[in-house]
Amino acid sequence: MAVAATLSDPPLNLLPGVVRDGRIECLGAEFPAPRAHPSGRTVTLGVRPHQVRLERGGPGALEWPTEIRLAEVTGSATFLHLLLRDQVHLVAHLPGTRQFTPGGSAVAYVDPAHVLVFDEDGARLPATGAAEVDLHG
C-alpha cells in the first residue's frame, strides 16, 4: 500500500472495507472479494483519482453518493474533492476544466476492476478477473 500511495499523484484514495460472504463491502457499495478471503476480514481499498468517474461506466460500477467539497481547476484537469459517508474523503482527477458548486451533490463511480485491495498489513491481496491483468490501474 505504501508503494501504491507513493507512486500516485494526486495521492491514492484509501477507503475502508470488510470482507463478508465472498464480497467486499465499502461505504454502502460492494463487489466480489478477491479469491477466498475469510469473512470479517478488514481491508483497505485503494482507488487512483483518475479512476473515479461522475458517470456510470458499467453495470457493476461501485457507486457512492457524495458531497462536493472543493473543485481545483489546474488548466487541463479538475481535481474534485468529495466527501462520502462516515466523513471519508475521495479525490477525483477529471479531464478538462469543469465547474462544480461546493456543497452540491454528485455520485462517484469506480469500476471494481481498478480497485486495489490491501490487507491489514498493507500488502496487496490477489484479485480475480479483470483486476489481475490491470497492471496500470
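Residues numbered from 1 in each chain as written. Predicted model: local features only at pLDDT ≥ 70, side-chain atom pairs only at ≥ 80, totals over all residues. Heavy atoms only, no water.

1. Topic: the overall build of the protein chain
Within the protein chain one finds 1 helix and 9 strands. Each helix and strand of the protein chain, ordered N terminal to C terminal, gives the series α-β-β-β-β-β-β-β-β-β. Taken across its 137 residues, the protein chain has 45% of its residues classed as buried. Restricting the contact set of the protein chain to residue pairs at least 6 apart, pairs at least 24 apart contribute 61%. (Helix = DSSP H or I, 4+ residues; strand = E, 2+ residues; numbered from the N terminus. Buried < 20%, exposed > 50% of the residue type's maximum accessible area, 1.4 Å probe, protein only. Contact = heavy atoms within 4.5 Å.)

2. Looking at unusual backbone geometry
Residues other than glycine seldom take positive phi values, yet Asp21 does so here, at roughly 50°. Backbone geometry at Asp86 places phi at a positive 65°, although glycine is not the residue there. Topologically, Asp86 is positioned in the loop between strand 6 (77-83) and strand 7 (89-95). Given the relative accessible area of 58%, Asp86 is considered exposed.

3. A word on the pattern of salt bridges
All told, the structure shown has 7 salt bridges when counted by the stated rule. Residue Asp119 is joined to Arg41 by a salt bridge in which the shortest nitrogen-to-oxygen separation is 3.7 Å. One end of the pair, Asp119, is in the segment after strand 9 (116-118); the other, Arg41, is in the loop between strand 3 (29-32) and strand 4 (42-47), and 78 residues separate them in sequence. Looking at Asp119, the relative accessible area reads 11%, which means it is buried. A salt bridge links Arg98 to Glu55, with the shortest nitrogen-to-oxygen separation between them at 3.7 Å. Highlighted residues: Arg98 in the loop between strand 7 and strand 8 (105-110) and Glu55 in the loop between strand 4 and strand 5 (62-73), separated in sequence by 43 residues. The partly exposed category is assigned to Glu55, whose relative accessible area is 44%. (Salt bridge = Lys/Arg side-chain N within 4 Å of Asp/Glu carboxyl O.)

4. Quick word on the pairing of strand 7
The side chains of a regular strand alternate, residue by residue, between the two faces of the sheet. One ladder, built from 7 bridges, connects strand 6 with strand 7; its direction is antiparallel. Residue pairing for strand 7: Leu82 is matched across the bridge by Leu90. Hairpin connection between strand 6 and strand 7: a loop of 5 residues separates the two successive antiparallel strands, and Asp86 in this loop has a positive phi of roughly 65°. (Pairing = 2+ DSSP bridges.)

5. Digging into the environment of Val43
Locating Val43 in the fold gives a position in strand 4. A C-alpha to C-alpha distance of 5.5 Å links Val43 and Val18, two positions 25 residues apart in sequence. Once you skip the residues sitting within four places of it in the chain, Val43 turns out to touch Leu15, Pro16, Gly17, Val18, Val19, Ile24, Val117, Phe118 and Leu125.

6. A few points about the environment of Val107
By the element assignment, Val107 lies in strand 8. What makes Val107 partly exposed here is its relative accessible area of 28%.

7. A look at the sheet that holds strand 2 (residues 23-26)
Pairing between the strands of a sheet is mediated by backbone hydrogen bonds and can be parallel or antiparallel. Strand order across the open sheet formed by 5 strands is 3-2-1-4-9, with antiparallel pairing between neighbours. The open sheet terminates on both sides in strands that have one partner only, identified here as strand 3 and strand 9. Taking the axes of each pair of neighbouring strands and ignoring which way they run, one obtains an average angle of 35° across the sheet. As judged from the 3 bridges shared by strand 4 and strand 9, these two strands associate in the antiparallel manner. For Leu45, the partnering residue across the bridge sits in strand 9 and is Val117. (Axes fitted to C-alpha atoms, helices over the stretch in contact; angles between N-to-C directions.)

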